[in-house]
Amino acid sequence: MTERQRFFVTNFRLVIQYDGKRYSGWQKQGNTEHTIQGKIEQILSRMTGHAVEIHGAGRTDAGVHARAQVANVKIQTELSPQEVQAYLNAYLPADIAVTDCRTAPERFHARLNAKGKHYCYRLCDGGVPEVFSRNVVCAWERPLDVEAMRQAAAYLVGTHDFRGFSSVNRRFKKSTVRTITALEVTRHGQEIHFDVQGTGFLYNMVRIIVGTLVEVGEGKRKPESIPKILDSLDRQDAGITMPPQGLMLEAVFYE
């Protein structure tokens, strides 16, 4: 029996923050080393001496950030959760940090057990964004009508087929029905925040929803046009896809 085989396999639950500006998203890809998942797996594999696969609750796109991404990983180690967290933070780049690490039940899976997520999109329509927020706020040249965007957002709350608000391939065979439990549009000084909570989200769904609401805020479309977009299931009927830097995964919910 080898030294490594004597260690029990432990399922660790991680909470991870990252500034996504320099990365090609969460998911590991064969054509680039610049992914969050890839960076973490590389360090854990070095720590344990065996191949490691980490499972994130959501696959954030290139340039998108996370305040509290949740992931789980099963590794053979005698280290405590605190020691695993310290090891990761010692070798991760400064724009990725593990803010919590603890043991989890063997069957816990960060993605499959997730019951909902909270995203926030931050947009500045009131001049130049703060220098310190430039990586996480989208600058917008034109002022927006917050009340009109709130009226439009109300039509999106509930269970709908969001195919028209996503960039999924036309050959995508899985269900595109999702439930949005809350969608709030609030002003914070020169910033507008779009807080979206739901059971799950399609590819680019939040950024397209915000882009459609922004077009309402500019007066390019009416709040009452939202149901027609939902009914059409046609991406061409919805608004623009907003830039990624304004989007933050704020929280993942579990039972």
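Everything below is about the structure shown above.
Residues numbered from 1 in each chain as written. Predicted model: local features only at pLDDT ≥ 70, side-chain atom pairs only at ≥ 80, totals over all residues. Heavy atoms only, no water.

1. Here we look at the pairing of strand E10 (residues 247–253)
The following threshold applies: Each residue gets one of three labels from its accessible area relative to the maximum for its type: buried under 20%, exposed over 50%, partly exposed in between, using a 1.4 Å probe on protein chains only. Counting from the N terminus, the helices are DSSP H or I runs at least four residues long and the strands are E runs at least two residues long. For two strands to be treated as a pair, DSSP must find at least two bridges joining them.
Among the 7 residues in E10, 6 count as buried, and that is most of the element. Here 2 bridges tie strand E3 (residues 65–76) to E10, and the two strands are oriented parallel to one another. Bridged to His65 within E10 is Met248.

2. Topic: unusual backbone geometry
Positive phi, normally seen in glycine, also occurs at Asn204, with a value near 65°. Tracing the backbone shows Asn204 in the loop between strand E9 (191–198) and helix H4 (205–217). Its identity as a non-glycine residue notwithstanding, Leu233 has a phi of 60°, on the positive side. For Leu233, the position within the fold is in the loop between helix H5 (226–232) and E10.

3. Considerations on the nonpolar core
Going by this rule: Each nonpolar core is a collection of buried residues, namely Ala, Val, Leu, Ile, Met, Phe, Trp, Tyr and Cys, held together in the definition by side-chain atoms within 4.5 Å. Contacts are residue-level and defined by heavy atoms, with any inter-residue pair within 4.5 Å sufficient.
Counting residues in hydrophobic clusters, the biggest one holds 69 residues, and the most contacted among them are Phe165, Phe194 and Leu213. In terms of residue count, the dominant contributor to this core is H4 (8 residues). With residues up to four places along the chain from it excluded, the contact list for Phe194 reads Tyr119, Cys120, Tyr121, Leu123, Met149, Glu184, Val185, Val210, Leu213 and Val214.

4. Points about the environment of Gln29
What counts is decided by this rule: Under this definition, polar contacts are N or O atom pairs within 3.5 Å; protein pairs additionally need one hydrogen-donor-capable and one acceptor-capable atom, and for neighbouring residues in sequence, both atoms have to be side-chain atoms.
Here Gln29 is to be found in the loop between strand E1 (9–18) and helix H1 (36–48). What Gln29 contacts, discounting residues up to four positions off in sequence, is Ser24 and Thr35. A distance of 2.8 Å separates the side chain of Gln29 from the backbone oxygen of Ser24, its partner in a polar contact.

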